[in-house]
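# Per-entry structural report
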Amino acid sequence: MPEVVVSIGPHHPALKEPVNFKIIADGEKIVRLELDLSYNHRGVEKAAEQRDFIRVLPLLERVCGICSHSHSTAFAQGIEEIMQIEIPPRARYIRTIIAELERMHSHLLWLGVAAHLIGFNTLFMWTWRDREAVQDTVEEMSGNRVHYNMNEIGGVRCDLTPAQVNAALARLPNLEERVNKYVDMVNYEETMLLRFRGVGRLSKEEALRYGTVGPTARASGIDYDTRKDDPYLAYADAPWNVVTDTNGDVYGRTRVRVWEIQESLRIVRYCLENLPEGAIRVPAPKNAPKGEILSRYEAPRGELAHFIRTNGTDRVERVDIRTPTLANWTSVAMCLVNQNLADIPVIVAAIDPCLSCTSRITLVENQTKKAGVISFDELIRRYRSRNPEEV
Amino acid sequence: MAVTAAGLSQRLVNWARARSPWITVFNSGACNACDIEIIACLMPRFDVERFGILVKGSPRHADILIVTGHVTLKQASRLRRVWEQMPEPKYVIAMGACGASGGVFHGLYHMMDSVDKVIPIDVYVAGCPPRPDEIINAVVTCLNLLREDALHGGREWRKKAVPVTRTEEKTCGVIP
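In what follows, the accompanying structure is described.

## Comments concerning the sheet that holds strand 2 (residues 54-55) of chain B
All names here are of chain B.
- Spatially, five strands are ordered 2-1-3-4-5 in an open sheet, and the strand pairing comes out parallel. In this open sheet, the two strands that pair with only one neighbour each are strand 2 and strand 5 (123-125).
- On the sheet, helix 5 (residues 132-151) packs against strand 3 (64-68), strand 4 (91-95) and strand 5 and is oriented at approximately 170° with respect to strand 5.

## Notes on the interface of chain B and chain A
- Facing the 30 residues of chain B at the interface are 31 residues of chain A.
- Residue assignment for the side of chain B that touches chain A shows that the elements contributing at least two residues are strand 1 (22-27), helix 2 (33-42) and helix 3 (73-85) of chain B.
- Looking at which element gives the most residues to the side of chain B that touches chain A, the answer is helix 2 of chain B, with five residues.
- Among the residues forming the side of chain B that touches chain A, the class breakdown is 16 nonpolar, eight polar and six charged.

## Brief notes about the packing of helix 4 (residues 89-117) of chain A against helix 5 (residues 121-142) of chain A
Residue and element names in this part refer to chain A.
- Put simply, helix 4 and helix 5 touch, their axes get as near as 8 Å, and they point 160° apart. One element, helix 4, and the other, helix 5, form an angle in the roughly antiparallel class. Helix 5 is crossed by helix 4, and the crossing has left-handed handedness.

## Re the pairing of strand 4 of chain B
Residues and elements named next belong to chain B.
- Most of strand 4 sits inside the fold, with five of its five residues counted as buried.
- Burial of the side chains of strand 4 extends over both faces: Tyr 91, Ile 93 and Met 95 are buried on one face and Val 92 and Ala 94 on the other.
- Direction of pairing for strand 3 relative to strand 4: parallel, over a ladder of five bridges. From the neighbouring strand, Leu 65 faces strand 4, where its bridge partner is Val 92.
- Assessed by its sense of winding, the connection that carries the chain from strand 3 through helix 3 to strand 4 is right-handed.
- The pairing of strand 4 with strand 5 spans three bridges and is parallel.

## Observations concerning unusual backbone geometry
- Residue B:Glu88 is joined to B:Pro89 through a cis peptide bond whose omega torsion reads -10°.
- Mapped onto the fold, B:Pro89 is located in the loop between helix 3 and strand 4.
- Here the amide bond leading from B:Cys128 into B:Pro129 is cis, since omega sits at -15°, within 30 degrees of zero.
- Its location among the elements puts B:Pro129 in the loop between strand 5 and helix 5.
- A positive phi angle is found at A:Leu233, which is not glycine, with a value near 45°.
- Given 25 C-beta atoms within a 10 Å radius, A:Leu233 is considered buried.
- A positive phi angle is found at B:Asp47, which is not glycine, with a value near 45°.

## A short note on the packing of helix 4 of chain A against helix 11 (residues 250-273) of chain A
All names here are of chain A.
- Running from N to C, helix 4 and helix 11 point in directions that differ by 155°, and their axes come no closer than 9 Å. Taken together, the axes of helix 4 and helix 11 lie roughly antiparallel to each other. Crossing of helix 4 against helix 11: the hand is left-handed. Here Tyr 93, Thr 96, Ile 97, Glu 100, Leu 101, Arg 103, Met 104, His 107, Leu 108, Trp 110, Leu 111 and Ala 114 of helix 4 come into contact with helix 11, specifically with Thr 254, Arg 257, Val 258, Glu 260, Ile 261, Ser 264, Ile 267, Val 268, Cys 271 and Leu 272.

## Considerations on the nonpolar core
- Membership of the largest hydrophobic core comes to 144 residues, with the highest contact counts inside it found for A:Ile94, A:Ile98, A:Ile347, B:Ile64, B:Ile66, B:Val67 and B:Ile93.
- If one sorts the elements of this core by residue count, helix 4 of chain A sits on top with 14 residues.
- Residues within four places of A:Ile347 in sequence aside, it is in contact with A:Val199, A:Gly200, A:Val250, A:Val332, A:Cys335, A:Leu336 and A:Gln339.

## Re the sheet that holds strand 3 (residues 29-36) of chain A
Residues and elements named next belong to chain A.
- One open sheet holds the three strands; their spatial order is 1-2-3, and the pairing between them is antiparallel. At either margin of the open sheet sits one strand with a lone partner, and together these are strand 1 (4-8) and strand 3. When strand polarity is set aside, the average angle formed by the axes of neighbouring strands in this sheet is 20°.
- Here strand 2 (residues 20-26) runs beside strand 3; their pairing, made up of seven bridges, is antiparallel. Considered in strand 3, the bridge of Phe 21 is made with Leu 35.

## A short note on the pairing of strand 8 (residues 316-322) of chain A
Residues and elements named next belong to chain A.
- By the bridge criterion, six bridges tie strand 7 (residues 302-310) to strand 8 in an arrangement that is antiparallel. In the sheet register, His 306 faces strand 8, and the bridge partner there is Ile 321.
- Here strand 7 hands over to strand 8 after five residues, with Gly 312 in that stretch at a positive phi of 85°.

Here is what the cut-offs are and how they apply
Residues numbered from 1 in each chain as written. Chains lettered and ligands numbered in written order. Predicted model: local features only at pLDDT ≥ 70, side-chain atom pairs only at ≥ 80, totals over all residues. Pairing = 2+ DSSP bridges. Helix = DSSP H or I, 4+ residues; strand = E, 2+ residues; numbered from the N terminus. Contact = placed C-beta atoms within 7 Å. Axes fitted to C-alpha atoms, helices over the stretch in contact; angles between N-to-C directions. Nonpolar A, V, L, I, M, F, W, Y, C, P; charged D, E, K, R; others polar. Parallel < 35°, antiparallel > 145°, perpendicular 65-115°, else oblique. Left-handed = near helix turned anticlockwise from the far one by under 90°. Buried ≥ 20, exposed ≤ 12 C-beta atoms within 10 Å, placed from the backbone. Right-handed = clockwise from strand over helix to strand, strands pointing away. Core = buried A, V, L, I, M, F, W, Y, C linked by C-beta atoms within 7 Å.

Next comes the structure, spelled out in structure tokens:
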């Protein structure tokens, strides 16, 4: 049978974000996948070089609407390490609370979307209703539902009052009950088992070879979590476990995410109950000394890394954002081979793709039409050779 | 004035259109925050279906286009094409600070800065991102605009109008 190219996107009912898939199919089976990810490219890294540290945090939050706290925390941690300032314990705990609430809302959101993609809209409605409890807590603490803007260099922006802590604690038991129900549903609900089991399987070796991170890697049995391996914030204090699963398919990724919500609930409860007293921020100097740092953070989708290079001014010379979705895309292209066309949405959704983080631009040489990668120093050299007066 | 058959059917269509607007969402390069707030609108808590609002995948079925976010250069031609596919009368809502001016991304190298450089906008929603209640309010405002236009026989009357003051704006927002 001849191979057919099925083009999906950038505007498509099944897609929530602009992306273009070219799926080469032989009958119902997928042979190959080609991707175009650059519809969302905004040039955030370039913009970050032009703003000082105070103004760059709100910008980096808007890299992604779902994991906004991740980006600003990763950046703030890196700059604080370069400046050699230690944030107060209370600020560490507040950052952890917001980070785990963000993970909960992201995973509940994902569970709903995955259920919607297999036509199980009841679960979609349920998880999104329960997600509103998390959103309310975040809104009470920070004043906004999505972009919280809690971080500042040297601490957090606003303190938690005892009333806010009590209100947050009062919402937890109901949420725990609901999440336990979802754990049962994921394990025993026939609809989900039929559509998730054995779909998009990725063995441990493959997961390592394609460099997967986060729940995708943990579902293939790789015990890798930045929160445990390289503890930051208050993760070393709180009691929690890394969740892994050996299934390696969409079913395994669903189980990992649902159990991670339970672990997040434990961390949030611990941090709220043991919130230290004291200041919420320390004064930070205006300029950062010259230095380079790689700041790692476990975002809801996996390990997020910010490479930051400073040059002694109040701006960064370069910030490079390596998002978890970018690391996981290769594994999607491999998972899709030999699967059914009908399983595309759920396999793609299984890595919880976030395209606004991931959009990159490709350099194409005008004469040779050759696309490729060049180093940052090479880019600077080319720019300076073309604009000698602007050095 | 006697009601003609054509007039009656047109009035019926206008009535039906304002009772059940169909919406399509176009992500023109947003950061997802506006998109998840739109999905939150569909959920049991905010539940826009009580206003008859349905979200549809195809622009050919839609009355209202919600554009989330600033427009990246690559998405501009796609946005224009999606808008051209919508049948008349069509309305456009630009979401958030990015839709109005580009927000924090204003002036970057891969940006069109605001949606109205690509397609005409009827309603702007403020916020980064707007709360679901504000999105619902924008759609309801858009419906009032739709009824107003139906009374005036099209949207042409708005183009000739002088800029409205704030009090006038308030009064034309509540026409049943």
